[in-house]
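What the coordinates show
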Amino acid sequence: MSLDLANVFIADSPSRSEYNRSMKVISWNLAGRTKRAAEQVQALGARQPDIVALQEVTARSAPLLRSHLAQIGLSHAVDGFQLVTAEARPRKYRQLVASRFAVQPSEFAAPVPWPEAVVPVTIELPSSTIELYNWHIPPGSSYGWIKVETFEGNNRLLAKQANRMRILCGDFNTPQAE
């Protein structure tokens, strides 16, 4: 999925309208595939994203993906294995955010059953800061109320007023009928 954020201000100038441009954000669930990381990143690079949010990244694929993403200009990255240790939360998959702009992990205060299901970051554009939340919501068919509780925690987090733009992306495991 690609999200085109029109008129994102990314340059310092007294006249914002002179420097507005679109910013491309791509969110993609890799479904745990690790053998074709180079090809996956090549496909992303062909679309020239400014920010990439990947879901279902493995501990083995995360460093490889980070390296390949840096080669296409997305040299700033944070992944869920850096934020929550596998010993603390032994789930196989985490999320990764990579950007052309500086990325830092954010404080995450929403009470959710699986905090490793989200990578919250701030991204420093040249003249503004955005928040990005890359979620992998567990499927309701397998995890029932954990999915509901995760959405509720997400809602509590995003319902708080913010003084900057926010991006919510990821795999919400929404059934086809929804």
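Residues numbered from 1 in each chain as written. Predicted model: local features only at pLDDT ≥ 70, side-chain atom pairs only at ≥ 80, totals over all residues. Heavy atoms only, no water.

In this section: the environment of Ser27. Topologically, Ser27 is positioned in strand S2 (residues 20-29). A sequence separation of 69 residues divides Ser27 from Leu96, and the C-alpha atoms of the two residues are 9.9 Å apart. Side-chain polar atoms of Ser27 contact the side chain of Gln55, separated by 3.1 Å. One polar contact links the side chain of Ser27 to the main-chain amide nitrogen of Gly170, over a distance of 3.3 Å. (Helix = DSSP H or I, 4+ residues; strand = E, 2+ residues; numbered from the N terminus. Polar contact = N/O pair within 3.5 Å; in protein donor to acceptor, adjacent residues only side chain to side chain.)

For the rest of this paragraph, the subject is the pattern of salt bridges. Taken as a whole and assessed by the stated rule, the structure comprises 6 salt bridges. Arg91 serves as the salt-bridge partner of Glu116, at 2.8 Å between the closest nitrogen and oxygen. One end of the pair, Glu116, is in the loop between strand S6 (102-105) and strand S7 (118-124); the other, Arg91, is in the loop between helix H3 (80-83) and strand S5 (94-99), and 25 residues separate them in sequence. The class of Glu116 is buried, set by a relative accessible area of 3%. The structure contains a network of salt bridges with shared partners spanning Glu131, Arg164 and Arg166. (Salt bridge = Lys/Arg side-chain N within 4 Å of Asp/Glu carboxyl O. Buried < 20%, exposed > 50% of the residue type's maximum accessible area, 1.4 Å probe, protein only.)

Before going further, it helps to examine the packing of aromatic side chains. Centre distance and the angle of the planes are the two values used to describe a pair of aromatic rings. Using the criterion set out here, one finds 2 aromatic pairs in the structure. Taking the centre distance of 4.8 Å and the plane angle of 80 degrees together, the rings of Trp114 and Tyr143 count as edge-to-face. With Trp114 in the loop between S6 and S7 and Tyr143 in helix H4 (residues 140-143), this pair connects stretches of sequence that are 29 residues apart. Looking at Trp114, the relative accessible area reads 12%, which means it is buried. Judged by relative accessible area, Tyr143 falls into the partly exposed class, the value being 39%. Above the face of the Trp114 ring, Arg91 is positioned so that its terminal group lies 3.5 Å from the ring centre. (Phe/Tyr/Trp six-rings, centres within 6.5 Å; stacked < 30°, edge-to-face > 60°. Lys NZ or Arg CZ within 6 Å of the ring centre and 35° of its normal.)

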